[in-house]
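What the coordinates show
Each chain, written out:
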Amino acid sequence: MKKALTFFVIALAIALVPVVAFAQENEMSDAERDVRASLKSRGFTEVPTASVPQLLNDAEIDPETYALAYSDIDSASPEQREKILAARREVAYSVGEWVLDTEESYVASIDYNTMEWHEPPKFSELFPGWDPIQDPEDASIEVPQVVESIISPLRGKCCVSARCLCGTGTQTS
């Protein structure tokens, strides 16, 4: 009876493997499927992403900074909170690579020398419970200001066709 039950469990496990693989493939976004297919067609090999402990260890983070970064920010005083956020920025930017959690795009880390690629870990995998890191200097920059600073020097100089692209209504020849 034990042998029959063991055989049944093994057969069931083997039967479920293709189902799990099919489900994982169907969970891929179109962008992910396109990137994977493109890289494979160009001869790149997918390699596993380094483990979270390995990435954090490779970053060579000062133990005091590491401990501060992972301390409880919710119960911290405002002064301590700023120190924790600074430590978290240092830890996050010391890690070789990560991407923000988003389903809007697909990111692959490509090594053209070895013809290998992998998916960088998501921010939440490396730093569970943390809010995404934002540099305080970047917080004051707003996208419309940046776009305007790029476009303003071009106003009146970019319209070379019958259609004005810069909003001035003037055209140059």
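Structure: above.
Residues numbered from 1 in each chain as written. Predicted model: local features only at pLDDT ≥ 70, side-chain atom pairs only at ≥ 80, totals over all residues. Heavy atoms only, no water.

**With respect to the overall build of the protein chain**
What the protein chain contains, in helices and strands, is eight helices and three strands. Reading the protein chain from its N terminus to its C terminus gives the helix and strand order α-α-β-α-α-α-β-β-α-α-α. The burial tally for the protein chain puts 20% of its 173 residues in the buried class. Sequence-distant contacts, at least 24 apart, represent 48% of the contacts inside the protein chain between residues at least 6 apart. Summing over all exposed atoms, the protein chain offers an accessible surface of approximately 12,800 Å²; the carbon and sulfur share of this is 57%. (Helix = DSSP H or I, 4+ residues; strand = E, 2+ residues; numbered from the N terminus. Buried < 20%, exposed > 50% of the residue type's maximum accessible area, 1.4 Å probe, protein only. Contact = heavy atoms within 4.5 Å. Areas by Shrake-Rupley, 256 points an atom, 1.4 Å probe, with all protein chains shown as cover.)

**Quick notes on the sheet that holds strand β1 (residues 45–46)**
In space, the three strands of this open sheet follow the order β1-β3-β2, with mixed pairing throughout. The open sheet terminates on both sides in strands that have one partner only, identified here as β1 and β2 (109–111). Bridge count for β1 against strand β3 (residues 116–118) is two bridges, and the pairing is parallel. Residue pairing in the sheet places T45 in a bridge with E116 of β3. (Pairing = 2+ DSSP bridges.)

**A word on helix α5 (residues 78–94)**
In a regular helix each residue adds 1.5 Å, so 17 residues correspond to 24 Å; α5 covers 24 Å between its end C-alpha atoms and thus fits that length. Within the span of α5, buried status applies to I84, A87, R88, R89, V91 and A92. (Expected span 1.5 Å × (residues − 1).)

**Re helix α2 (residues 30–41)**
The end-to-end C-alpha distance of α2 is 16 Å, a good match for the 16 Å that twelve residues give at a rise of 1.5 Å each. Summarising the contacts, the buried residues of α2 are in contact with β1, β2 and β3. Of the residues one or two after α2, G43 is the one with positive phi, at around 90 degrees.

**Here's the deal with the pattern of salt bridges**
Here the structure, examined in full by the defined rule, presents four salt bridges. Residue D30 is joined to R33 by a salt bridge in which the shortest nitrogen-to-oxygen separation is 3.2 Å. Placement of the pair is D30 and R33 together in helix α2, with a separation of three residues, close to one helical turn. With relative accessibility at 55%, the residue D30 sits in the exposed group. Looking at R33, the relative accessible area reads 33%, which means it is partly exposed. As a salt-bridge pair, E119 and R36 come within 2.6 Å of each other at their nearest N and O atoms. On the criterion of sequence distance, the pair formed by E119 in the loop between β3 and α6 (123–126) and R36 in helix α2 is long-range, its members being 83 residues apart. On the basis of relative accessible area, E119 is assigned to the partly exposed category, the value being 25%. Ionic contacts of the salt-bridge type, sharing partners, join the residues E32, R36, E46 and E119 into one network. (Salt bridge = Lys/Arg side-chain N within 4 Å of Asp/Glu carboxyl O.)

**Quick look at the side chain of T65**
Tracing the backbone through its elements, the reader meets T65 in helix α4 (residues 63–69). Judged by its relative accessible area of 13%, T65 falls in the buried class. Discounting chain neighbours no more than four positions away, the residues touching T65 are A87, E90 and V91.

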